[in-house]
Amino acid sequence: MVEQAEIRVVRCGGSKINYREAIITYDSKFLLCASGDSVKVYSASTEECVHILEGHTDLVTGLAFNPTNHLQVYSCSLDGTVRLWDYTDGILIKTLVIGYNISALYVAQKHEGVVFLIIPMASDTDSESFQLVAVRLPKSAEQEVEVRELSSVLADVSPSPGATSFGRGGEYIATAVGLQLSVFFFKKQKTYRFFLNASDKKGAKNAFTCVSCHPKEDCIATGHQDGKIRLWRNFNQKKEYTYSTQHWHHNAVSALAFTPEGTNLLSGGIESVLVLWRYGAESKDLLPRLGSAIEHVSVSPDGALICTSHRDNKITIINSNLKVSAVIQGLVKGEDVRTDLIIDPRTKSLVLNGKPGHLQFYSLHHDKQLYNLDIVQQEYIHQSGLEQFDVVKAALDPRGSWLATVEERREKTSELESSLKLWAYNEQTQSFVLNTSVSAPHEDRITAMCFSTDAETTLLVTAGKDGHFKAWQPAEDWDTHRDGISWSCDFVGSYHHRSPANCCFSADGSLLAVGFQEIVTVWSPDSWELVLTLCQPPGYIRDLCFGRLSCSKYLLGTTSKNLLCCWDILTCSLKWSTSMDVTVLQADPLSENVAAFCYTSGNTDLFVFKPSEPRPLYSQKAVCPGKVHRAVFAPRERALESCEERAQWLNRSQLYFMTEHMDLMTFSTKSEEDKIMASRQQLVIDDSVAMTPFYLLLGKHRQQQHEKQSSLTTPMTTRVHLPQGSSAIRELLHTPAHVLPSASVLCTMFVNSLLISNTGVGEGSEAKEEEMESEPEEDTDSEEEMDSRDSRPARANEICAEEVSPTVSKAQERQLKTARKTDYSWLCSSLFSSL
C-alpha cells in the first residue's frame, strides 16, 4: 500500500454554529459563535465571516468576553484548554492548559482575573458528574501556561451552559440540574438548594431546563420541561423563598435571557417563536415564524441586538424592536441525508437535504449556504409522530439546467404517497422553477434516479421497487392552456419481473446500466434495446459505477456479499474482483480514479484505484469511525501545482464525504495546507497595517522609493538603510495597539532601534576633539569640516569594502586647513586692475 503521511482528513466546514450560544460584541458590530474546533467572527450587518479563530484541537464549548478588555474573548474546548483571542485581528494571545474536558465557560465583572469552568468530577471522559471550578489567571508573559490549581465552587452541576447563570455581576451563582436549583453566595460562602416535585397536581413536568439571573435585582428565572417559567425571589433564605409562574410555551423552554437593564425577559422553544416578557408586568410580545426551534438566546451588552440560535444550524439577529435584521445560515444537518451529495455544475456548490422538505445549496469554498429550495411547498408541522413529505432523491443534469426531485410520505395506515418533480433553471431569478410534477411515477418506492451524461441529450431515468425503470424526456406541451415544454414518460423497461435497485449512465451517455437484484443489464438509450446481461457470484447489486476517460469501458459494481467486481463491457467478461465491504463507490468525473469507502472493524477505510488495475493508487486506514454512506468528488477551481505523486488523485478534484455524525470531511494535502498557511501569514504581516503616514515613513513603500532614487545616483553615493527591518519597529507596526505593553515599556526599545551604531569611530571622535581644542578661532570653515567628518564614520559602517573612501593623515589635514585660510583677495584685485 502507498504511504499516506502527506494527506490528512480534515473538517472542511459545515460545522454546527448553533452548538453553543452566540455572543455579540459591545459595539454590536460583530457576532462570535463556536463552529467545530474553531470560533467564527461574523459581521452583524453584512453576515460575512470576518475572521476564523483557529487553534483548538477539539470541539469549542464556550465563549465569553474578557471583562477587562472588550476587544478580547475567551474560548474553551474539549481539548482541555482556555484560549484568549483578539477577535478584531484574529490573534491568539494566551493559552491556558487546564487538562480536563471543559463543557462551559463563564466570567463575571466582580471576579476580575478569574474564569469559571464546568469540568467532569473525575479525570475520565465518561464521567457523568460535573463540577463548577474557578481558575485564577496566572500573571505570566508566556503564551502557553499550564494551570495546576483549580478551586471547586459547586459540585453536581449540569454540563449544559444554559443551566448556570451569574447574578448581580457575580455576587451569587444559580445552577439547576434535574429537579434541584442551587444558589451559591460568594460572600457568605453558603449554598441554598430548592427542590421541586417530579410533577404537579395537573401532571406537568417540573424538571429544570435553563436558568437566567436578573442583572440588577435578586430574581432568578428558570425554564421547565412543561413550558412554564418560574421567577424566584427571596432565595437568600431557604424557608421564605417565593416564585411566580408564567406560561406560554406548550413544550420545554430551551432558552432564557434577561436584557442588560433587566426590563425584559426573552424565552424560546420548539415553537420557533421568540417571546418577550415585560418584567414586572403580565404583558408580552411575540416574534413568530423564525423557521426552526430556538435553542439559545443572547442579548448584546448594549441591548440593541438579540441573537437566537436555531436547530437548523441557523443564527438570527433581531433588533430590539423585534425585527429580523440578519440571518446567518450554516449547513443544515438533519437526522439523516436521504439524497446523495450532488455538485451543482453552475455554482460548484454542494446540494443535499436541508430543512424538512427543502434542498440546500451550500458553498464549499466560502463555507456558507447560498440558498434553500422549497421542494415540498407545504408548511412543516412540529409534531412528534406525524409523517410529512420529505425529499428522498435529487439529481442534476450535466449542464445544471434541470433538477429532478422525488418526495415521499408513508402513513402507517395508508399507502405510499410520492411525486416526481422536474425543475427548470431560471436565468432571471437565478434559481429553479417547478416545470412538471408527476404524482405516483411508480407504483412503489423509487430506488434510484440519474440524468444522462450526454450533454446534447436531456434524459432522466428512474428505477422503482415495482419492477420497472422509466425514461423521462421533455417535449413540447400541446395543451392550449400552457406554453413551453413539459416532461413525460418515454420508455418503460423491466427484466424478468425483478426489482431494479440502481442505475447509471456511461461516461458518454451511450449505455445505461440497471441492476436487477443479482443481474446487471446494459441498455442502449437510443433504441432501448437490451445490449447485454452480466452475472456475478451470489449477492444483490448494491451500487453501479462506470469508469471515466480511458477507463470508460469498465463497469464497477458492489454486492451484498461484500464483493467489488469490475467488468469489461467490450469483452463482456469479469476483469477482476476482490472481497471488501464497500459502502460508497464514487468515480471522479475529471480523471480515471474511483474512490471506494470500505467498512472494517468499526471504522471506514479509503481505497483509490483505476478500474484498469486492481492495485490501489492510494489507501488510508480508519479515515473516520462508523460507516460512510455519502461521498462526492468536487472539481477544484484551480489544479494543485506542487502536488506529491501519492496525492495526484487530488490534483483536479477534491473528495468530500459525510460521517454518521453528519460531519462533512475532506482530504487535504501538505502542499495545499502550506499554501493556505503562507497566504494567512502574508495577510497578517503585509496587509494588517493601515496605510498611515507613519507606515509610509518606515514601511516597505518608503524602502522601494528610496531604492529607485538611489539607483539614479552615482555609484559612489552611499545608501542609508531605513530601520524598518528592526524587530522592534516590526512588532510595533504589526501588533494592535490594545494588546501592546504600555508606552513607557516600548519607548526605550523603539528609540534605540532608530539610533545608528557608532562602533569603530572612536578615533575620529578623538581627532575632532583635538582639532576643536587647538583651533577655537574657526567659525564657518570649521563647522563645515566637522559636518563632513561627522558624516564619514556613519557611512563607513554601511558601504561595501570596495567603496571605502581614501584616508587623509593629520599632517595633510593641517596643510589643507592652512591653504583654506590663506587670503587670496589680493589676486582678485590685481586681476581687475589689469583688466
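Scope of this entry: the structure provided in the associated data block. Bear in mind that the values here come from a model prediction, so they are computed numbers and not experimental data. (Residues numbered from 1 in each chain as written. Predicted model: local features only at pLDDT ≥ 70, side-chain atom pairs only at ≥ 80, totals over all residues. Heavy atoms only, no water.)

1. A look at the overall build of the protein
Next, step 1: Counting its regular elements, the protein contains nine helices and 57 strands.
Next, step 2: When each of the 835 residues of the protein is scored for burial, the buried share is 46%.
Next, step 3: Considering only contacts in the protein between residues 6 or more positions apart, those separated by 24 or more positions represent 44%.
Next, step 4: A total of about 43,100 Å² of accessible surface is found on the protein, and carbon and sulfur atoms cover 49% of it. (Helix = DSSP H or I, 4+ residues; strand = E, 2+ residues; numbered from the N terminus. Buried < 20%, exposed > 50% of the residue type's maximum accessible area, 1.4 Å probe, protein only. Contact = heavy atoms within 4.5 Å. Areas by Shrake-Rupley, 256 points an atom, 1.4 Å probe, with all protein chains shown as cover.)

2. Considering the sheet that holds strand β4 (residues 38–43)
Next, step 1: Ordered by their spatial adjacency, four strands build an open sheet running β2-β3-β4-β5, and the pairing between neighbours is antiparallel. Unpaired on one side and paired on the other, β2 (23–24) and β5 (49–54) mark the two borders of the sheet.
Next, step 2: Where β2 meets strand β3 (residues 30–35), two bridges bridge the pair, whose relative direction is antiparallel. The residue of β3 that forms the bridge with I24 is L31. (Pairing = 2+ DSSP bridges.)

3. Examining the side chain of T558
Next, step 1: With respect to the helices and strands, the residue T558 is situated in strand β48 (residues 554–559).
Next, step 2: Classification of T558 as buried rests on a relative accessible area of 1%.
Next, step 3: When neighbours within four sequence positions are excluded, T558 is seen to be in contact with Y540, I541, R542, D543, L563, L564, V582 and L585.

4. Notes on the packing of aromatic side chains
Next, step 1: The full count for this structure, using the stated rule, is 34 aromatic pairs.
Next, step 2: With a centroid separation of 6.2 Å and 10 degrees between ring planes, the pair formed by F166 and F186 is classed as stacked. Of this pair, F166 sits in strand β15 (residues 164–167) while F186 is found in the loop between β17 (180–185) and β18 (190–195), placing the two residues 20 residues apart along the sequence.
Next, step 3: A residue is classified by how much of its surface remains accessible, and F166, at 14% relative accessible area, is buried.
Next, step 4: Note on W232 and Y241: the rings are 5.6 Å apart at their centroids and 25 degrees apart in plane angle, and the pair reads as stacked.
Next, step 5: A relative accessible area of 1% means that W232 is categorised as buried.
Next, step 6: By relative accessible area, Y241 is classed as partly exposed at 28%.
Next, step 7: Within the aromatic cluster, the residues linked to one another by ring pairs are F469, F491, Y495, F516, W523 and W528.
Next, step 8: Cation over ring: K188 sits above F185, and NZ or CZ is 5.2 Å from the ring centre.
Next, step 9: Between the NZ or CZ atom of K627 and the centre of the ring of Y599, over which it lies, the distance is 5.1 Å. (Phe/Tyr/Trp six-rings, centres within 6.5 Å; stacked < 30°, edge-to-face > 60°. Lys NZ or Arg CZ within 6 Å of the ring centre and 35° of its normal.)

5. Re unusual backbone geometry
Negative phi is the rule for most residues except glycine; trans is the rule for most peptide bonds.
Next, step 1: Backbone geometry at L322 places phi at a positive 60 degrees, although glycine is not the residue there.
Next, step 2: With respect to the secondary-structure elements, L322 resides in the loop between β29 (314–319) and β30 (324–329).
Next, step 3: Residue A440 is not a glycine yet carries a positive backbone phi of 50 degrees.
Next, step 4: Note that A440 resides in the loop between β38 (431–439) and β39 (446–451).

6. Observations concerning the environment of G162
Next, step 1: Within the secondary structure layout, G162 lies in the loop between β14 (151–157) and β15.
Next, step 2: Once the C-alpha coordinates of G162 and S212 are considered, the two residues, 50 residues apart in sequence, prove to be 7.8 Å apart.
Next, step 3: Residues in contact with G162, not counting those within four places in the same chain, are C210 and V211.

7. Focus on the sheet that holds strand β10 (residues 104–106)
Next, step 1: In space, the four strands of this open sheet follow the order β10-β11-β12-β14, with antiparallel pairing throughout. Edge positions in the sheet fall to β10 and β14, since each of these pairs with one other strand and no more. Between one strand axis and the next, the sheet turns through 25 degrees on average, direction left out of account. (Axes fitted to C-alpha atoms, helices over the stretch in contact; angles between N-to-C directions.)

8. Focus: the environment of E261
Next, step 1: Secondary-structure assignment places E261 in the loop between β23 (253–258) and β24 (264–269).
Next, step 2: Residue class for E261 comes out exposed when judged on its relative accessible area of 55%.
Next, step 3: Sequence separation of E261 and P215 is 46 residues, and the distance between their C-alpha atoms is 6.8 Å.
Next, step 4: With near-sequence residues (within four places) excluded, E261 lies in contact with H214, P215 and K216.

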